[in-house]
Amino acid sequence: MLAIIKVGGKQYMVNEGTSIYVEKIDQEPGSEVVINDVIMVDDIIGKPYVENASVKCVVKKHGKQPKIHIIHHIPQKHHTKRMGHRQPYTQLEVKSINK
């Protein structure tokens, strides 16, 4: 069964048993998360969401993505600023998709 869900402002295409990386969710690893923002299930398309549809997921782990280096340089003012950023994520494993 195929579904398209919305988590953290992004859309993900999932099947049962797959794992996805989403924006950080404040849940403990091992806990269950129910996602009600289901855009599509199989051939049923919602406007904007499919009614009474949900996706049950289990939180596997939390972590941070690799560091992104940012350099801001203004040559006329002899100004250079170096920054870095690591985006936190949550790994979810899809257990079931309900229509």
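Along every chain, residues carry numbers that run from 1 in the direction the sequence is written. Confidence filtering applies because this is a predicted model: local features only for residues at pLDDT of at least 70, side-chain atom pairs given and counted only at 80 or more, and all residues used for totals across whole chains, interfaces and linings. As a rule here, side-chain values cover all heavy atoms of the structure and leave hydrogens and water aside.

Peer 1: Just to check I follow, could you spell out the environment of V58 for this structure?
Peer 2: Numbering of helices and strands runs from the N terminus; a helix is a DSSP stretch of H or I covering at least four residues, while a strand is a stretch of E covering at least two. Tracing the backbone shows V58 in strand β7 (residues 54-64). As a C-alpha pair, V58 and Q76 span 18 residues in sequence and 52 Å in three-dimensional space.

Peer 1: What is the right way to read unusual backbone geometry from this model?
Peer 2: Peptide bonds are, in most cases, trans, and in most cases residues other than glycine have a negative phi. Along the chain, K47 connects to P48 via a cis peptide bond; the corresponding omega equals -5°. Residue placement: P48 occurs in the loop between β6 (44-45) and β7. Positive phi is not limited to glycine here, since N52 has a value of about 60°. In this structure, H78 is a non-glycine residue whose phi angle is positive, near 55°. As for its placement among the helices and strands, H78 is situated in the loop between β8 (68-74) and β9 (79-85).

Peer 1: Just to check I follow, could you spell out the sheet that holds strand β10 (residues 88-98) for this structure?
Peer 2: In a beta sheet, neighbouring strands pair by backbone hydrogen bonds and run either parallel or antiparallel. As summarised here, the arrangement of the four strands in space is β3-β10-β7-β4, forming an open sheet in which the pairing is antiparallel. Strands at the two margins of the open sheet, each flanked by one partner only, are β3 (19-23) and β4 (32-35). Strand-to-strand twist in this sheet, taken as the mean axis angle between neighbours without regard to direction, amounts to 40°. A strand pair is defined by DSSP finding two or more bridges across the two strands. Note: β3 against β10, five bridges, orientation antiparallel. Across the sheet, residue S19 finds its bridge partner in β10, namely E93. To get an axis, fit a line to the C-alpha atoms, keeping to the stretch in contact for a helix; angles then go from 0 to 180 degrees between the N-to-C directions.

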